[in-house]
Amino acid sequence: MAKTAAALHILVKHKELAEDIIKQLNKGAKFDVLAKKHSSCPSGKKGGHLGEFKKGAMVPAFDKVCFTGELLTPHLVKTKFGWHVIKVLYRT
């Protein structure tokens, strides 16, 4: 069982924008460019990079995707902060 994960994310207020971002990513858009343009999270300035974090460090819905979701695939998650487009880079 993985104890840490590393991920990128883009935080937006509206589901429609998050879904559009996923469509753009699936067509080959660069995650870091979209994060810098759209993310309301401070990590957006770093291309959405959250670095490596421990299991349980993020809110439950976000954590679940990071530790069970498919790697390198954009995921859509709703939390109290808004809509997240999450791309899990690796787990250790």
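Once a new chain begins, its residue numbering starts again from 1 and follows that chain's sequence as written. The predicted origin of the model limits local features to residues at a pLDDT of at least 70 and limits the giving and counting of side-chain atom pairs to 80 or more, whereas totals for whole chains, interfaces and linings rest on all residues. Heavy atoms from the whole structure form the basis of all side-chain values; hydrogens and water molecules are not counted.

Labelled according to an unreviewed UniProt entry, the protein appears under the name Peptidyl-prolyl cis-trans isomerase C, originating from Shewanella piezotolerans. UniProt positions are given in the numbering used here, feature names are shortened, and annotations may be inferred rather than shown by experiment. Its UniProt record gives the protein a comment under Function (unreviewed entry), which states: "PPIases accelerate the folding of proteins. It prefers amino acid residues with hydrophobic side chains like leucine and phenylalanine in the P1 position of the peptides substrates."

Asks: Looking at this model, I keep getting lost on the environment of L11. Mind explaining?
Replies: Residue position: L11 is located in strand β1 (residues 4-12). The contact definition used throughout considers only heavy atoms, calling two residues in contact when any of these lie within 4.5 Å. Setting aside chain neighbours within four positions, we find L11 in contact with H38, S39, S40, C41, F81, G82, W83 and H84. Secondary structure elements follow DSSP: runs of H or I of four or more residues count as helices, runs of E of two or more count as strands, with numbering from the N terminus.

Asks: Would you take a moment to explain the packing of helix α1 (residues 15-26) against helix α2 (residues 31-38) for this structure?
Replies: Two quantities define a packed helix pair, namely the angle between the helix axes and the distance between the axes. Following both chains from N to C, one finds α1 and α2 inclined at 155°, their axes separated by 10 Å at the closest point. Taken together, the axes of α1 and α2 are roughly antiparallel relative to one another. Crossing of α1 over α2 shows right-handed handedness. Side by side, α1 and α2 meet where L17, I21, Q24 and L25 of the first sit next to F31, L34 and H38 of the second. Following the grouping adopted for this structure description, the nonpolar residues are Ala, Val, Leu, Ile, Met, Phe, Trp, Tyr, Cys and Pro, the charged ones are Asp, Glu, Lys and Arg, and the polar ones are all others, Gly among them. Looking at the contact of α1 with α2 residue by residue, the classes come out as five nonpolar, two polar and no charged. The convention used is that axes are lines fitted to C-alpha atoms, helices contributing only their stretch in contact, and that angles between N-to-C directions extend from 0 to 180 degrees. In what follows, roughly perpendicular refers to angles from 65 to 115 degrees, roughly parallel to angles under 35, roughly antiparallel to angles over 145, and oblique to any angle outside these ranges. Left-handed describes a crossing whose near helix is turned anticlockwise from the far helix through less than a right angle; right-handed describes the clockwise counterpart.

Asks: I would appreciate a short explanation of unusual backbone geometry in the present structure.
Replies: Comment: phi is negative for the bulk of residues other than glycine, and the bulk of peptide bonds are trans. Phi angles above zero are rare outside glycine, and L72 is one such case at about 60°. Assignment of secondary structure puts L72 in the loop between α3 (60-68) and β3 (75-79). Throughout, exposure labels follow a simple rule: accessible area from a 1.4 Å probe, protein chains only, divided by the maximum for the residue type, with under 20% read as buried, over 50% as exposed, and the rest as partly exposed. Note on L72: relative accessible area 53%, which makes it exposed.

Asks: Would you explain the environment of E19 in this entry?
Replies: Following the sequence through the fold, E19 ends up in helix α1. Looking at E19, the relative accessible area reads 34%, which means it is partly exposed. C-alpha of E19 to C-alpha of G69: the two residues are 50 residues apart in sequence and 17 Å apart in space.

Asks: Just to check I follow, could you spell out the packing of aromatic side chains for this structure?
Replies: Describing an aromatic ring pair means giving the distance of the ring centres and the angle of the ring planes. Ring pairs are drawn from Phe, Tyr and Trp, using the six-membered ring of Trp, whenever the two centres fall within 6.5 Å, and their geometry is named by plane angle: stacked under 30 degrees, edge-to-face over 60, tilted for the rest. This model, assessed by the stated rule, comprises one aromatic pair. Consider the rings of F53 and F67, whose centres lie 6.3 Å apart with planes at 85°: the pair is edge-to-face. Taken together, the residues F53 in strand β2 (residues 49-54) and F67 in helix α3 connect sequence positions 14 residues apart.

Asks: Hey, could you run me through the side chain of S39 in this one?
Replies: With respect to the helices, strands and loops of the structure, S39 is situated in the loop between α2 and β2. Polar contacts involving the side chain of S39 include one to the main-chain amide nitrogen of L11, which spans 3.1 Å. With residues up to four places along the chain from it excluded, the contact list for S39 reads H9, I10, L11, L34 and G44. By the criterion applied in these results, polar contacts are pairs of N or O atoms within 3.5 Å in which, for protein atoms, one can donate a hydrogen and the other can accept it, and in which residues neighboring in sequence qualify only through two side-chain atoms.

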